[in-house]
Amino acid sequence: MKTIIEPFKIKSVEPIRMSSVQERAEILKRAGYNPFAIRAEDVLIDYLTDSGTSSMSSEQWAAMMRGDESYAGSRSFFRFEEEVRRITGFRNIIPTHQGRAAEKILFNVLHKPGAVYLGNTHFDTTRANIEYLGDEAIDLVIPEGLIPSKIHPFKGNIDLERLEDNLKKHKGQVPAVITTVTNNSGGGQPVSMENIRETSRLARKYGALFVLDSARFAENAYFIKMRERDYADKSPREIAQEIFSYADATTMSAKKDGLANIGGFLACNDDDLAAEARNLLILTEGFPTYGGLAGRDLDAIAQGLREVLEEDYLHYRVRSTAYFAEKISEAGVPLILPPGGHAVYIDAGAFLDHIPPEQFPGQVLANEIYLHGGIRGVEIGSVMFGKQDPETGAFQPAVLELLRLAIPRRVYTQSHVDYSAEVITEVYKKRRELRGFKIVYEAPYLRHFTARFEPLA
Ligand code: F0G
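Residues numbered from 1 in each chain as written. Predicted model: local features only at pLDDT ≥ 70, side-chain atom pairs only at ≥ 80, totals over all residues. Heavy atoms only, no water.

Observations regarding the overall build of the chain
Here's step 1: Of the regular secondary structure elements, the chain holds 16 helices and 16 strands.
Here's step 2: Here the chain has a C-alpha radius of gyration of 22 Å; the compact-globule value for 457 residues is 23 Å, and the two agree.
Here's step 3: By principal-axis analysis of the C-alpha atoms, the chain measures approximately 60 × 55 × 45 Å.
Here's step 4: Within the chain, contacts between residues at least 6 apart in sequence are counted, and of these 73% link residues at least 24 apart.
Here's step 5: Looking at charge distribution, the chain has the averaged site of its 55 positive side-chain charges lying 2 Å from that of its 63 negative ones. (Helix = DSSP H or I, 4+ residues; strand = E, 2+ residues; numbered from the N terminus. Rg over C-alpha atoms; globule rule 2.2 N^0.38 Å. Contact = heavy atoms within 4.5 Å. Lys, Arg positive; Asp, Glu negative; His and termini not counted. Charge placed at Lys NZ, Arg CZ, Asp CG, Glu CD.)

See below:
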């Protein structure tokens, strides 16, 4: 059959409140033209993030009721540990309240003066946790990964030649090489098994750990099954197990492929590393058998990790994201191709090529799709990553001006996607009428969350 159906039916629903264009114009003005400041109830379709926004299954809700809230050694922890170990193979499994808490602990343990981390593209929180300690993070994604329209099956791959050059250059200073699967900041693009294997080999050759940032490991495993030779007949679980077999440690935000609304973990084989991590965990997260989570959360994650590797689910997930991308691509909308697993990334710089980066085309587009159709996405461009040269004060744009539409798991149906594609296509037709923005307030760090804007005349 050509039609892919959602492989679930809906038992509990949440209403969407309809609103008018006039109402949304007022809401945007009040929000300082920043979608982060809009109340969720004023949004029709929310593509702000795929993190913590999944619908849980009836089995996950049942698992929540089995949650054991004992402070130490709860049954929930052992169910969680067993499931994580079954996929990752790691000996030490340390729960945390979300992914960045695992990152904070890992980078604190690995920190030494002058440390340099190498990766495909470090996610914002990963980079921020590294830089907060005074260490450096270098992105080494393949050149194809930086060209939105360039078709390549594994645009998340690390450039192995540049990786080895950097490992030589910073010899003795690289605690870890980090591969993010899928490569969120580079468009949710997958990394091939071959690239993971080679990265692991190079890291170890130069005495560095190989760490996976595995938030979307199941989607990555499915892309390997679809696109890489010799993997078509393997199950997503077998592929995931092989991915983790090359790593020394992993940090995972369970808010994505964990299909849970909160949670994460750090896992590794080295007992000394784990012992140091558990000491920090007790300081900031909690006792090692709950790590900042309720027992019921651990059970929801354990069940989510079972469901996310089901082939019907992954087929639907990857296909439905591609369906959205294909619909708007056919209408002429420029975007990152091929589409990634969890989101559609519109190339706002090309969409609004009459608006220069210093007038924030991604932010303009985020506003317009909200105004026109009540859709919320997030700018990933010069609002998020643009800087001012500390000497000259000159504006330094981001590498790309993108608008990310991240798709919550098991939440929206095909008609929501059809509606979204229609809104974006209509906005595309009137793109020449749109004008840029200027920033009228910004915080010193991570300004995109709280900045306020004004439209230029
Ligand atoms: N690593 C990756 C690749 C991520 O995408 C995220 C979160 C994290 C780590 C941090 O995990 O949120 O549980 O602390 N990404 C979200 C997003 C916020 O919208 O892409 P967390």
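Here we look at the sheet that holds strand β2 (residues 92-96)
Here's step 1: Pairing in this open sheet of seven strands is mixed, and the strands run β2-β8-β7-β6-β5-β3-β4 from one edge to the other. Edge strands, defined here as strands with exactly one partner in the open sheet, are β2 and β4 (136-139). When strand polarity is set aside, the average angle formed by the axes of neighbouring strands in this sheet is 20 degrees.
Here's step 2: Here strand β5 (residues 176-180) pairs with strand β6 (residues 209-213) via five bridges, running parallel. Note on β6: the bridge partner recorded for A176 is L209.
Here's step 3: Each of β2 and β8 (264-268) touches helix α3 (residues 75-88); the most contacted strand, β2, lies at about 120 degrees to it.
Here's step 4: Contacts from helix α6 (residues 160-169) reach β3 (116-119), β4 and β5 within the one sheet, and its direction differs from that of β3 by about 170 degrees. (Pairing = 2+ DSSP bridges. Axes fitted to C-alpha atoms, helices over the stretch in contact; angles between N-to-C directions.)

Some points on unusual backbone geometry
Here's step 1: Here V181 and T182 are connected by a cis peptide whose omega angle stands at -25 degrees.
Here's step 2: Even without glycine at this site, D230 takes up a positive phi of about 80 degrees.
Here's step 3: In this structure, D230 sits in the loop between α8 (217-227) and α9 (236-245).
Here's step 4: Given the relative accessible area of 61%, D230 is considered exposed.
Here's step 5: We note that R410 has phi near 65 degrees; this positive angle belongs to a residue other than glycine. (Buried < 20%, exposed > 50% of the residue type's maximum accessible area, 1.4 Å probe, protein only.)

What about the packing of aromatic side chains?
Here's step 1: Scanning the entire structure with this criterion turns up 17 aromatic pairs.
Here's step 2: Taking 5.8 Å as the distance between ring centres and 55 degrees as the angle between the ring planes, the aromatic pair formed by F217 and F244 counts as tilted. In this pair, F217 is assigned in helix α8 and F244 in helix α9, connecting sequence segments 27 residues apart. Both residues of the pair, F217 and F244, count as buried.
Here's step 3: An aromatic cluster is present here, built from Y33, F360, F395, F437 and F453 joined pairwise through their rings.
Here's step 4: For the cation-ring pair, R431 lies above Y428, with the distance from its terminal atom to the ring centre recorded as 3.9 Å. (Phe/Tyr/Trp six-rings, centres within 6.5 Å; stacked < 30°, edge-to-face > 60°. Lys NZ or Arg CZ within 6 Å of the ring centre and 35° of its normal.)

A few points about the domain arrangement of the chain
Here's step 1: The domain architecture assigned to the chain consists of domain 1 (21-50 + 317-455) and domain 2 (58-307).
Here's step 2: The C-alpha-based centres of domain 1 and domain 2 are spaced at 27 Å.
Here's step 3: Each partner contributes to the interface: domain 1 provides 19 residues, whereas domain 2 provides 24 residues.
Here's step 4: Taking both sides of the interface into account, the surface hidden between domain 1 and domain 2 amounts to around 1,800 Å²; carbon and sulfur atoms contribute 57%. (Domains from an automatic or database assignment. Buried area = accessible area lost by both parts, 1.4 Å probe.)

Examining the sheet that holds strand β9 (residues 343-347)
Here's step 1: Ordered in space as β9-β14-β11, the three strands form an open sheet in which the pairing is antiparallel. The two strands at the open ends of the sheet, each matched to only one other strand, are β9 and β11 (378-380). On average, each strand axis in the sheet is tilted by 30 degrees relative to the strand beside it, whichever way the strands run.
Here's step 2: One ladder, built from five bridges, connects β9 with strand β14 (residues 402-406); its direction is antiparallel. Looking across to β14, one finds that Y345 is bridged to R404.

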